[in-house]
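Listed below are the residues making up each chain.
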Amino acid sequence: MNKILWIKLAILCLVISNSEAQHRISGYIKDVKTGESLIGANIWQPATSKGTAANTYGFYSLNIPGDTATIKVSYVGYQSQELFIKLNKDTTLHFQLSLSDVLSEEVVVKGNRPNLELTKMSSMKIPAQQIKNIPALLGEVDVLKAIQLMPGVQGGTEGSSGIYVRGGGPDQNLILLDGVPVYNASHLFGFFSVFNADAINNVEVVKGGFPARYGGRLSSVIDINMKEGNMQNWQAEGGIGIISSRLSVEGPIRKNKGSIIVSGRRTYIDILARPLIKANTDGDANLGYYFYDLNAKANYIFGDKDRVYISAYTGTDKFYAKDDYSYSYDNNTDEYKDEAGIQWGNITTALRWNHLFSNRLFLNTTATYSKYNFRLFQDSYSKYTSGDGTISENSYYAAYNSGIQDYGTRFDFDYYLSNQHAIKFGVNYIYHIFQPEAFNVEGDFGDEFEMPNSDLIYGNEYAAYVEDEFEPISKLKINAGLHASAFYVNQKWYPSLQPRISTRYLINENLSVKASYAEMAQFLHLLTNSGIGLPTDLWVPATDNIKPQLSQQTAVGISSLLGKGKYEASIEGYYKNMENLIEYKEGSNFLDLSESWESKVTTGNGWSYGSEFLLRKNEGKFNGWIGYTLSWNYRQFDELNFGKAFPYKYDRRHDISIVANYKFSERFEMSGTWVYGTGNAITVPIARFPVLDTNDNNQYEDDYYYYSEDEVYQYSDRNAYRMPSYHRADLGLTWHKPKKWGEASWSISVYNLYNRQNPFYIDTYTNENGEKNFTQISLFQIIPSISYSFKIYPNEK
Amino acid sequence: MKNKIVFILGIMTFTLLWACEKDIEIEIKETEEKMVLNSWLEAGEAPAVSLSNSIFIFSNKQSAEIENAIVKMFENGKEIGTLTYQTDAELYTNESIIIKDFHEYEIVAEHPEHGEVSAVDRVPEKYGNTDIKMNYKNNVEENGVWPMYSGEITFEIKDKPNQKNYYLFKHITITEEYNADVSEDTVVRKSNANYGLEINGSQGKEVYMSGNSFIILNDDIFDGKSTQFRINSYNDLRMSESSGPDYYYKEYHQIEMHQISESLYRYFISLDANQYPDVFTEPSQVYSNIVNGYGILGLSTKQVFTIDEKRE
């Protein structure tokens with residue numbers, strides 16, 4: 001270990017000594033029209049292929065050997081810039097790129113430092129515009145559903161936003177919105193995600209080979225960055241769809257200094273459904289459902305070295321049933337009000353300060369707050385007024401609550417030691433407050449009930465990391481790091497050291513091989529009883545009885561450019577081991593409030609392996625990708641399935657996604673997707689038989705009546721059977737029309753084009769002949785939808 | 001007009017979102033009936049075995065007792081006899097065999113149609129009288145209308161170290177009744193006392209079955225140590241007795257403490273988990289130690305504590 005450390009220090013010294021004769025350029029890479037940071041934009045010297053990528057804030061820093069150089073800057077969907085520069089000192093150089101015109105030319109990707117050059121593997125970026133082009137359920141563009149179309153990432157059941165990455169559970173994904181964890185990313189019971197595509201700048205998904213800066217989850221990081229807001233002009237963007245409408249407004253607080261964006265979305269299912277419900281209930285019932293979300297972000301540049309961002313998100317889902325009536329008889333009056341419902345939502349806020357200590361050292365300081373809360377409630381009130389004026393009132397309130405709150409702070413440094421060394425290091429602290437479940441009843445009846453074990457649990461999560469991306473020999477690049485974390489809960493410490501390494505070897509300019517190893521620790525568990533993104537899934541911490549989840553993942557892959565750089569292809573194989581996973585014990589039911597959650601769970605292990613294939617075309621009139629995953633995914637719990645290993649519910653042998661976009665003209669484009677997945681694993685009844693009679697009722701003492709009339713269903717091994725396979729095609733057509741005030745567009749999309757009845761749930765029933773049958777419940781058949789979108793650019797027309 | 005559009009859009013939305021159902025076929029691999037052997041053997045008693053058949057899930061047939069099987073019994077690997085079918089009891093028994101403490105038993109049942117099933121299990125080593133103590137206390141609570149009686153049963157167990165022990169507590173109500181108008185005999189009835197028992201200060205480690213007349217637990221929380229725990233009973237457990245010239249009636253209670261084999265414990269636990277599968281409960285298999293079949297061969301020892309305090 002010491003030897004390795006000395007060798008590395010020697011390499012560092014060598015690089016430092018070499019770097020003395022060099023000059024450095026640094027600055028920001030932005031969109032020319034809006035001033036938005038182009039996260040991950042590439043800047044490099046074509047002559048040497050040495051370069052770097054802009055960080056999350058668009059900042060880059062690059063060493064230039066000698067006094068002159070040709071620099072190239074590129075970003076997916078933008079026109080590349082090439083610049084010849086002369087340097088006699090370190091220089092600040094900002095770049096502004098414009099969107100490419102896909103109709104006039106096929107942009108050749110070759111030389112754009114694609115994925116094959118990066119050490120990072122098992123990751124992908126999806127620009128917001130590409131997400132918007134994908135046809136969507138009821139026209140609601142959905143970031144998480146777009147991510148589900150990538151290989152290695154699976155959706156749960158029909159329509160759900162649940163994400164299952166390389167065999168992991170839905171809790172093992174660190175979903176970050178501007179660096180703040182979002183605990184429940186689902187609207188409408190999981191059919192839509194909470195992210196409004198109009199407010200999003202960039203999405204990156206990391207499935208493996210995690211750099212050391214990431215931690216806290218086992219399976220993936222989904223890093224979603226909100227737009228910063230147009231620095232130049234005020235503009236508005238919005239849309240009206242079948243079930244919801246949205247509006248975003250953005251503009252400069254002060255031109256080229258600060259900007260703001262505010263974005264909102266609300267459904268009107270409740271308003272649309274109201275007449276239907278009233279017609280079916282004689283007007284008595286008032287049932288409804290709605291969700292809304294609101295994003296806001298502002299930033300201000302205080303000088304060459306300082307920039308501050310503040311961002312916030314709030315979103316709520318509410319399903320409710322209300323009663324409100326009164327009636328009079330014989331001078332008496334009865335009044336009754338009742339509301340029952342389910343409500344859940346997230347709040348996230350982040351305050352960030354970017355500071356440039358020098359052209360080599362960049363600091364981002366973040367303070368975050370995140371809250372997720374779920375509430376099931378009933379609130380009743382009745383009042384009786386008798387003829388003589390006597391009033392009698394009664395009230396009753398019952399609520400089941402579950403939630404989590406985080407207060408966090410982190411310091412992230414980017415240190416550009418040389419072109420051979422890009423070092424990142426930082427520290428992070430999160431104070432968690434968990435309320436796994438609490439149930440209380442209050443009322444005028446005298447007794448109050450509070451659920452046992454409903455106390456808050458406090459957890460302290462600490463992390464520190466360091467990573468270095470370096471090139472020890474030509475063509476070989478390594479990203480090595482260490483993530484150290486610890487969790488303190490119920491007077492117990494859980495420390496964890498997680499080594500991470502990713503390597504890339506460039507075989508030639510079109511082919512590279514990659515390998516990675518990452519250990520991860522997760523101090524939270526999601527106690528889930530279903531795969532449909534129900535808000536009743538409980539976030540619970542590791543406790544003195546339940547250990548943190550751990551994983552070790554190894555991946556190897558090949559990345560290649562094909563067709564003169566127009567196509568990017570990759571194939572990866574992985575093996576992931578997971579420890580200390582939790583599940584409900586057999587027969588446990590989350591609705592059983594007599595037991596605490598800890599007594600209802602059992603712990604076990606899991607492992608998954610497979611290979612993923614991706615062929616992608618990012619540019620040009622015709623773009624899209626084909627993804628295929630072949631995978632195996634197992635769990636083993638001593639208390640489940642009699643200790644035998646069993647397939648995970650979402651063990652999916654084959655998973656295929658095809659995404660295609662074609663832009664016929666500036667005014668008309670078409671997109672389509674087709675997905676196929678092996679059916680989810682299920683447990684089914686296979687036989688029935690009499691059980692041992694233990695009931696001595698009315699038995700004469702000396703008799704033996706052992707035979708019982710009671711029968712029990714015998715189920716198969718856990719998840720031994722399969723639902724029918726899942727496949728579906730979606731189609732979207734969009735017409736754009738330039739207007740005096742900007743642009744209008746009409747989108748028609750068809751979800752489930754060939755009306756496939758995909759399984760959502762398999763149930764059994766007994767028919768009139770007393771025979772058992774399986775029945776499949778499907779949710780969405782063919783669903784056409786239409787939406788209208790607009791963009792207003794008053795200052796440009 | 002505006003309202004009409006809203007109404008139509010509402011109908012469209014709900015129609016499109018409406019779930020649909022259809023029958024599907026899932027090819028079940030297990031299509032043949034299997035023999036089901038159910039037997040709970042107590043040390044000190046004669047064996048009794050029930051044989052029946054399982055039913056394929058898609059069939060509407062009824063399970064039936066299997067009468068013409070050959071059932072052999074082995075003790076510590078040695079054949080000790082054959083069990084014969086008793087038509088009245090619908091069981092295979094052999095009164096000459098008595099199950100012994102800490103012995104291993106195997107039952108092999110052979111049938112021309114259903115093939116052969118077998119199972120092996122061992123009787124747990126019975127605790128001595130000093131290892132288990134039971135105390136009973138009767139509580140009375142006056143609620144202003146009538147007195148509410150309840151019982152508090154305290155068990156003190158010296159759990160055996162270095163082995164996994166499984167316990168089953170059972171509340172039995174026994175009635176002895178003589179009615180000259182009905183019969184010349186005294187009729188003795190034995191029944192599980194439903195809704196009877198609950199562990200005081202439960203840690204959620206025990207399983208209640210058969211309407212709380214059973215409590216099943218393992219020694220996880222007191223492995224190898226002496227432990228004391230209280231069981232509440234929401235019944236008046238004292239003995240009642242009445243008699244007249246033509247009748248006699250006596251009702252009294254017994255608390256049985258069984259040391260059960262691991263197989264029987266696992267069977268009960270799985271049976272409990274299997275009871276109410278629904279959308280929110282993962283269905284689970286019923287444990288079986290029967291080779292080539294279903295059911296259970298469970299073994300236990302039993303200590304019976306009779307509550308003889310008489311009602312005033």
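Numbering of residues starts from 1 in every chain and runs along the sequence as written. Key to labels: chains lettered from A, ligands numbered from 1, both in the order written. Where totals are concerned, whole chains, interfaces and linings use all residues; where local detail is concerned, this predicted model gives features only for residues with pLDDT of at least 70, and gives and counts side-chain atom pairs only at 80 or more. Heavy atoms from the whole structure form the basis of all side-chain values; hydrogens and water molecules are not counted.

An unreviewed UniProt entry lists chain B under the name DUF4249 domain-containing protein, from Marivirga aurantiaca.

Chain A is annotated in an unreviewed UniProt entry as TonB-dependent receptor from Marivirga aurantiaca. UniProt positions are given in the numbering used here, feature names are shortened, and annotations may be inferred rather than shown by experiment. UniProt lists a comment for chain A under the heading Subcellular location (unreviewed entry), and it reads "Cell outer membrane". For the record of chain A, the UniProt heading Sequence similarities (unreviewed entry) holds the text "Belongs to the TonB-dependent receptor family."

Here's the deal with the overall build of chain A
Counting its secondary structure elements, chain A contains 4 helices and 50 strands. Note on contacts: a residue pair is in contact if any heavy atoms of the two residues lie within 4.5 Å. Contacts in chain A between residues far apart in sequence, at least 24 positions, make up 67% of those at least 6 positions apart. When the accessible surface of chain A is split by element, carbon and sulfur atoms take 55% of a total near 31,800 Å². Strands are runs of DSSP state E lasting at least 2 residues, helices are runs of H or I lasting at least 4, and numbering of each runs from the N terminus. We get accessible surface area from the Shrake-Rupley algorithm with a probe of 1.4 Å; when it comes to residues, only the shown protein chains can shield them.

Some words on the sheet that holds strand β11 (residues 147-158) of chain B
Residues and elements named next belong to chain B. Strands sit in the order β10-β11-β17-β14 across an open sheet of 4 strands; the sheet is antiparallel. Sheet topology places β10 (132-142) and β14 (197-199) at the edges, where each strand pairs with a single neighbour. The sheet shows a mean angle of 25° between the axes of neighbouring strands, direction not considered. DSSP calls a pair of strands paired once it identifies at least 2 bridges connecting them. Fitted lines through C-alpha atoms serve as axes, helices being fitted only where they are in contact, and the angles separating the N-to-C directions of these axes extend from 0 to 180 degrees.

Some details on unusual backbone geometry
Positive phi, close to 65°, is recorded for N331 of chain A, a residue that is not glycine. Following the sequence through the fold, N331 of chain A ends up in the loop between β22 (306-329) and β23 (332-356). Accessible area is worked out with a 1.4 Å probe on protein chains only. A residue is then buried under 20% of its type maximum, exposed over 50%, and partly exposed in between. The class of N331 of chain A is exposed, set by a relative accessible area of 69%. You will see that N76 of chain B, though not glycine, has its phi angle at about 45°, which is positive. Relative to the helices and strands, N76 of chain B resides in the loop between β5 (70-75) and β6 (78-86).

Points about the packing of aromatic side chains
Residue and element names in this part refer to chain B. Any pair of Phe, Tyr and Trp rings, taking the six-membered ring for Trp, is counted once the centres come within 6.5 Å. Such a pair is stacked with planes under 30 degrees apart, edge-to-face with planes over 60 apart, and tilted for the rest. A full pass over the atoms with the stated rule returns 50 aromatic pairs over all chains. With a centroid separation of 6.0 Å and an interplanar angle of 90°, the aromatic rings of F214 and F268 are classed as edge-to-face. Remark: F268 occurs in helix α2 (residues 262-274) and F214 occurs in strand β16 (residues 214-218); sequence separation between them is 54 residues. The pair formed by F214 and F268 is uniform in burial state, with each residue classed as buried.

Points about the environment of I97 of chain B
All names here are of chain B. Within the fold, I97 resides in the loop between β7 (91-93) and β8 (104-111). Its relative accessible area of 5% is what places I97 among the buried residues. Separated by 17 residues in sequence, I97 and I80 have C-alpha atoms that sit 7.7 Å apart. Excluding anything up to four places from it in sequence, I97 contacts E45, A46, P47, M73, I80, G81 and L83.

Overview of the nonpolar core
Formed by 75 residues in total, the largest nonpolar core has its most connected members in V143, I147, F192, F195, V203, I222 and I224 of chain A. Here this core gets 4 residues from one element, more than from any other, and that element is helix α3 (residues 143-147) of chain A. Excluding anything up to four places from it in sequence, I147 of chain A contacts I126, V153, I163, V203, V205 and I222 of chain A. Of all hydrophobic cores here, the second largest spans 35 residues; its members include F689 of chain A together with F56, M209 and Y287 of chain B. What is meant by a nonpolar core is a set of buried Ala, Val, Leu, Ile, Met, Phe, Trp, Tyr and Cys residues, joined one to another through side-chain atoms within 4.5 Å.

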